[in-house]
Amino acid sequence: MLSSCVWWKYRYKKNKVIILKNFFLIFFSVLLLNHNSFSTDSINNKIDKNFYKFLAVEGIVLTGAITYLKHQWYDDKSRVPFHSYNDFKGWNQIDKLGHFYISYLESNVGYSLLKKFNFSEKQSLLFGGSQGLLLETPIEIFDAYHEGWGFSWYDMLANSFGSLFFIAQQKLFNEQLIRPKLSFSRSVYAQNANGLLGKNNLLSEFVYDYNGYTYWFSFSPNRIFKINKIPEWINLSFGYGSNGMLGEFENRKTYRGKTLPFYKRYRQYYLSLDINFSKIKTNSKILKTIFNSLSYIKIPLPALEFSNKKLKGHYIYF
């Protein structure tokens, strides 16, 4: 078996490929969603040719990502019988929220694309809305049959909840009343971890440092509480993060021969203002593309934080 240190590095290097794959697909999908050449002929209900272009690109990206993973990480691993890995408590569940968020995002994009391609509501929800779960499952299956990895039932549960969260809202309300979002900022923990949480640059720390992540659930008070005086693009957002983590389940004391600082692991809960850019009206196609992309990200705004049994305010929280 791999040592815990080597296993950890392999696991999160792999996540870098998965993250980049997902952002590529999302960026490409947003461009398609704002393309002006979609067919709107509801009588003929023809599938737009861009649908086949999307399938081709998605197939190439997924095949490339899985092939890369297979040769980069699985070639030197022994094939073993199906086995699982219990990582529910890892990183204070920040990793699980990441699976939920990515799955939701992919399901949202999948549904929106199929609607643009003139599929019915039922077909769009069934095939597009389940895209998050479908795209993330193959990785878990690969892990299940290789030594040093393992099938995570909790990853699968988070992936399932992400897709179901999108589908349920669309089915019940015909819109996404509550939108999961992500924010990230570089943390002091990565700077003092001697490379354990990244190589002292933004991209590397974005992949390795879960201390920098906050996941949010954003909603419009206008839509939830019928406060019509508040514009729909002004939102409230509940957030969750965790700090002080220098290891998956418990903090490491040393790394690469250097003693690491002692940090207390603790959870953080937030209430913040937010902006739903997708609700801001504009006739500019470029701005629509930018606004739709930003609708998945929580931008820095004032926030209240509850952690360590204390309440404190942030003029601007990143």
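The structure displayed is predicted, hence computed values, not measured ones. (Residues numbered from 1 in each chain as written. Predicted model: local features only at pLDDT ≥ 70, side-chain atom pairs only at ≥ 80, totals over all residues. Heavy atoms only, no water.)

Draft legend 1. The arrangement of the pattern of salt bridges in detail. Counted according to the given criterion, the structure contains 9 salt bridges. With its nearest N and O atoms 2.7 Å apart, the salt bridge here joins K96 to D155. Of this pair, K96 sits in helix α3 (residues 94–116) while D155 sits in helix α6 (residues 153–173); the two residues are 59 residues apart in sequence, bridging distant segments of the chain. With relative accessibility at 8%, the residue K96 sits in the buried group. For K181, the salt bridge goes to D274, with nearest N and O atoms at 2.9 Å. Highlighted residues: K181 in strand β1 (residues 178–184) and D274 in strand β6 (residues 266–275), separated in sequence by 93 residues. The same class applies to K181 as to D274, namely buried. By sharing partners, the salt bridges in this structure join D87, D95, K96 and D155 into a single network. (Salt bridge = Lys/Arg side-chain N within 4 Å of Asp/Glu carboxyl O. Helix = DSSP H or I, 4+ residues; strand = E, 2+ residues; numbered from the N terminus. Buried < 20%, exposed > 50% of the residue type's maximum accessible area, 1.4 Å probe, protein only.)

Draft legend 2. Representation of the sheet that holds strand β8 (residues 310–317) in the model. Pairing within the open sheet is antiparallel, and its 6 strands lie in the order β1-β2-β3-β6-β7-β8. Both outer strands of the open sheet, β1 and β8, are each paired with one neighbouring strand and no more. The mean angle between the axes of side-by-side strands here comes to 25°, regardless of whether they run parallel or antiparallel. Examined bridge by bridge, strand β2 (residues 213–219) and strand β3 (residues 234–243) share 6 bridges and lie antiparallel to one another. Bridge pairing links W216 to G239 in β3. Of the strands in this sheet, β1, β2 and β3 touch α3, which is tilted by about 125° from β1. (Pairing = 2+ DSSP bridges. Axes fitted to C-alpha atoms, helices over the stretch in contact; angles between N-to-C directions. Contact = heavy atoms within 4.5 Å.)

Draft legend 3. Main features of the pairing of β1. Most of β1 sits out of view: 6 of its 7 residues are buried. Where β1 meets β2, 7 bridges bridge the pair, whose relative direction is antiparallel. Bridge assignment links I178 to a residue of β2, and that residue is F219.

Draft legend 4. Examining the environment of V207 more closely. Turning to its location among the elements, V207 is positioned in helix α8 (residues 202–208). Remark: the alpha-carbon pair of V207 and L197, spanning 10 residues in sequence, is separated by 8.3 Å.

Draft legend 5. Structural view of the packing of aromatic side chains. Counted by the stated rule, this structure contains 26 aromatic pairs. Judged by centre distance (5.3 Å) and plane angle (40°), the rings of F82 and F151 are tilted. Of this pair, F82 sits in the loop between α2 (49–74) and α3 while F151 sits in the loop between α5 (131–144) and α6, and the two are 69 residues apart along the sequence. Residue classification places F82 among the partly exposed positions, given a relative accessible area of 39%. Judged by centre distance (5.8 Å) and plane angle (55°), the ring pair of F100 and F217 falls under tilted. Placement of the pair is F100 in helix α3 and F217 in strand β2, with a sequence separation of 117 residues. (Phe/Tyr/Trp six-rings, centres within 6.5 Å; stacked < 30°, edge-to-face > 60°.)

Draft legend 6. Spatial organisation of the confidence of the model for the protein chain. When pLDDT is averaged along the protein chain, the result is 84, and 81% of the positions lie at 70 or above. Taken together, the stretch residues 1–10 has pLDDT below 50 and engages in 25 contacts with residues farther than four places along the chain or on a different chain. Here residues 35–45 scores under 50 on pLDDT; set against residues more than four positions off or in separate chains, the count is 17 contacts. (pLDDT = per-residue confidence, 0-100.)

Draft legend 7. Here's a closer look at the pairing of β6. Note: β3 against β6, 10 bridges, orientation antiparallel. Looking at β6, one finds that L236 is bridged to L273. Where β6 lies against strand β7 (residues 301–307), 4 bridges are found, and the strand directions are antiparallel. Following the sheet pairing, L271 is matched in β7 by L304.

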